[in-house]
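Each chain, written out:
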Amino acid sequence: MSLTVVSAPGKVLLTGGYLILDREYKGLVIGTSSRFYTIIQPGDNLSKIIIHAPQFNDPNWEYKITIKDGLCELSTFEKDRCNTFIETVLKHSLSIISNRISSQKFDELVLEGLNIYVIGSNDFYSQREQLKNSNLPLNTTSLRNLTPFCKVHTTLKQVHKTGLGSSAAMTTSLVAALFVYFKCVDNVNDDIKERTLIHNVSQFCHCLAQGKVGSGFDVSAAVWGSHVYKRFSPTILEPVIKSENNIDLTVLNKIIDPDYKWDNQIKSFTLPPEFKMILAEVDSGSNTPSMVGKVLAWRKANPEQANILWNTIASNCAIVINNLIELTNEYEKDKTEYIEAIRTCSCVNGSMWSNLLDQERSGKRIFELLYSIFTEYQKVRQSLRDMSNMSDAPIEPPMQTRLLDACTEVPGVVMAGVPGAGGYDAIFCIGIGDKFVTQVENVWENWNEMSVGPLLTNESSEGFRKENLENVLGLKNCLEL
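Bear in mind the structure is a predicted one, so any value in this text is a computation, not a measurement.

Section: the pattern of salt bridges
Link 1 in the chain: For the structure on display, the rule yields 22 salt bridges.
Link 2 in the chain: A salt bridge links Asp263 to Arg23; the nearest nitrogen and oxygen atoms lie 3.8 Å apart. In this pair, Asp263 is assigned in the loop between helix H9 (249-256) and strand S8 (265-268) and Arg23 in the loop between strand S1 (4-15) and strand S2 (27-42), connecting sequence segments 240 residues apart.
Link 3 in the chain: As a salt-bridge pair, Glu396 and Arg381 come within 2.9 Å of each other at their nearest N and O atoms. Of this pair, Glu396 sits in the loop between helix H13 (364-391) and helix H14 (398-408) while Arg381 sits in helix H13, placing them 15 residues apart in sequence.
Link 4 in the chain: One network of salt bridges, with partners in common, ties together Arg35, Glu462, Arg465 and Glu467.

Structure (structure tokens):
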């Protein structure tokens, strides 16, 4: 049986929260080892698409496909159970594909019907209830004992997500899988034009499903993995987003074409050697759209004050990014010196790294870069707290500040913060060496002010990719083959 399997990573926005809504500013987005998988196989019902999301209660959606004037229309068998992101991707991806391959080939595959599975790594969803029901403590050891792609025992609408960008990862993996399945692309893992096509279609579908043109960094991470990001101009997609119910396919095909003048900027990035990223979800809650709304309203009412703060944050973030890149260069120059310097700093609290600069020893430039990253990111956090106070949006609320400060006290921690738009939902820590992970997780496990749940995901710089089903542990067990 022919199977198409495509995965796409989640995201963590380390720097550039709020700023990347504006094209003047950049952000650093990290791809995750947690991935969303789409599996497509031929169906057994004429022109019927069956979507399986086996991790959820009430997990299936069924659609009938019709093509009229080059446009795909979906009719659902259960009108009270819509899945906006899935339906948007199916309708518009199939419409675009039908105009890019022969009608005979397209009709053959559609007539077979499609069986589609969409499955996310465990870290996309909170596993607190799963652990509680199994009488397991909330720690990484317990999480590793869970079945891969385990059931969440609730519906899609009610599931507690962890903020890794599941909708963007799912959208991108589904778009890419459809294009691969219909042979609309040949070498999507390596061909830049084909990846750009998937990027453009995924951005369009994700924005349309959201009902607005967002910053796009989450889809960008799902396509390209870790990178320094500058957003595309919203005017690129606005003509088709605004005509949601009457989209001109000719205009859409022009906009999503890889040769169209998208102005987003991508600079590949990986964390320097010996660096690790760890994440945790916090059992509180933030409404990201309302927080963004508050910040943008404050910025509009106080443009001079806001622009000074924006530029200050941007300057600090640029130093952090450039120093991380330079550390990788230092590693390439002298690996032995780099490893020795990292080993020395991993045993000392970051605020004390300045003391190493006064000593006559090798690795001084590495000490300088590490201490600069530590101090500059502390300045970023302070500016975000200032923004919180001025806009009345809890970007780094006091409870999070106390937790992050405790994490920063751990030897070897380089940065600790709230990702993306901030709030109560999640935190990240980036550190060096082997010891900081256990020590930070110990802080989390014993924290009393909030319940802090670790995630297992770490950095993975690769974007979406075709997969071999047999090589993904536990994935085959989710399918009804």
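Next comes the rest of the account.
Points about the packing of aromatic side chains
Link 1 in the chain: Here the structure, examined in full by the defined rule, presents ten aromatic pairs.
Link 2 in the chain: Ring centres 5.9 Å apart and planes at 65° place the aromatic pair Tyr377 and Phe428 in the edge-to-face group. Of the two residues, Tyr377 is situated in helix H13 and Phe428 in strand S11 (residues 426-432); the sequence distance between them amounts to 51 residues. The exposure classification of Tyr377 matches that of Phe428, with both residues buried.
Link 3 in the chain: In this structure an aromatic cluster arises from ring pairing among Phe106, Tyr181 and Phe182.
Link 4 in the chain: One cation-aromatic arrangement involves Arg231 over Phe232; the distance from NZ or CZ to the ring centre is 5.2 Å.
Link 5 in the chain: Over the ring of Trp310 we find Arg299, and its NZ or CZ is 4.5 Å from the ring centre.

Here we look at the UniProt feature "domain: GHMP kinase N-terminal" (unreviewed entry) in the chain
Link 1 in the chain: Cross-referencing UniProt, the feature "domain: GHMP kinase N-terminal" (unreviewed entry) maps to residues 160-225 in the present numbering.
Link 2 in the chain: Between the first and last C-alpha atoms of residues 160-225 the distance is 24 Å; the span itself is 65% helix and 0% strand.

Some points on the nonpolar core
Link 1 in the chain: Membership of the largest hydrophobic core comes to 126 residues, with the highest contact counts inside it found for Leu178, Phe182 and Phe275.
Link 2 in the chain: Considering every element that reaches this core, the biggest residue donor is helix H5 (residues 166-181), with eleven residues.
Link 3 in the chain: With residues near it in sequence (within four places) discarded, Leu178 still touches Ile40, Val89, Leu90, Ser93, Leu94, Ile97, Leu114 and Ile116.
Link 4 in the chain: Membership of the second largest hydrophobic core comes to 19 residues, among which are Val282, Val413, Trp444 and Met450.

Some points on the state of the cysteines
Link 1 in the chain: Per the stated rule, a full pass over the model turns up zero disulfides.
Link 2 in the chain: With no disulfide of its own, Cys150 lies closest to Cys478 among cysteine sulfurs, the gap being 9.3 Å.
Link 3 in the chain: A residue is classified by how much of its surface remains accessible, and Cys150, at 4% relative accessible area, is buried.
Link 4 in the chain: Free cysteine Cys429: the closest other cysteine sulfur is in Cys407, separated by 3.9 Å.
Link 5 in the chain: Overall, Cys429 belongs to the buried group, its relative accessible area being 0%.

As for the side chain of Ser388
Link 1 in the chain: With respect to the helices and strands, Ser388 occurs in helix H13.
Link 2 in the chain: Given the relative accessible area of 10%, Ser388 is considered buried.
Link 3 in the chain: Polar contacts involving the side chain of Ser388 include one to the main-chain carbonyl oxygen of Ala393, which spans 3.2 Å.
Link 4 in the chain: A polar contact is formed between the side chain of Ser388 and the backbone nitrogen of Ile395, at a distance of 3.0 Å.
Link 5 in the chain: Excluding residues within four positions of it along the chain, Ser388 makes contact with Ala393, Pro394, Ile395 and Glu396.

Here's the deal with the sheet that holds S11
Strand pairing in a sheet relies on backbone hydrogen bonds, with the paired strands running either antiparallel or parallel.
Link 1 in the chain: In space, the four strands of this open sheet follow the order S10-S11-S9-S12, with antiparallel pairing throughout. Where the open sheet ends on each side, the last strands, each with one partner, are strand S10 (413-417) and strand S12 (452-454). Averaged over all pairs of adjacent strands, the angle between strand axes in this sheet comes to 25°, irrespective of strand direction.
Link 2 in the chain: One ladder, built from four bridges, connects S10 with S11; its direction is antiparallel. Paired with Ala416 across the two strands is Cys429, which belongs to S11.

Considering unusual backbone geometry
Link 1 in the chain: Within the chain, Tyr18 stands out as a residue other than glycine whose phi angle is a positive 75°.
Link 2 in the chain: Residue position: Tyr18 is located in the loop between S1 and S2.
Link 3 in the chain: For Tyr18, a relative accessible area of 5% gives the class buried.
Link 4 in the chain: Unusually for a residue other than glycine, Lys183 sits at a positive phi of about 55°.
Link 5 in the chain: Secondary-structure assignment places Lys183 in the loop between H5 and helix H6 (192-210).

Cut-off values and rules
- Residues numbered from 1 in each chain as written.
- Predicted model: local features only at pLDDT ≥ 70, side-chain atom pairs only at ≥ 80, totals over all residues.
- Heavy atoms only, no water.
- Salt bridge = Lys/Arg side-chain N within 4 Å of Asp/Glu carboxyl O.
- Helix = DSSP H or I, 4+ residues; strand = E, 2+ residues; numbered from the N terminus.
- Phe/Tyr/Trp six-rings, centres within 6.5 Å; stacked < 30°, edge-to-face > 60°.
- Buried < 20%, exposed > 50% of the residue type's maximum accessible area, 1.4 Å probe, protein only.
- Lys NZ or Arg CZ within 6 Å of the ring centre and 35° of its normal.
- UniProt positions renumbered as here; feature names shortened; annotations may be inferred.
- Core = buried A, V, L, I, M, F, W, Y, C linked by side-chain atoms within 4.5 Å.
- Contact = heavy atoms within 4.5 Å.
- Disulfide = S-S within 2.5 Å.
- Polar contact = N/O pair within 3.5 Å; in protein donor to acceptor, adjacent residues only side chain to side chain.
- Pairing = 2+ DSSP bridges.
- Axes fitted to C-alpha atoms, helices over the stretch in contact; angles between N-to-C directions.

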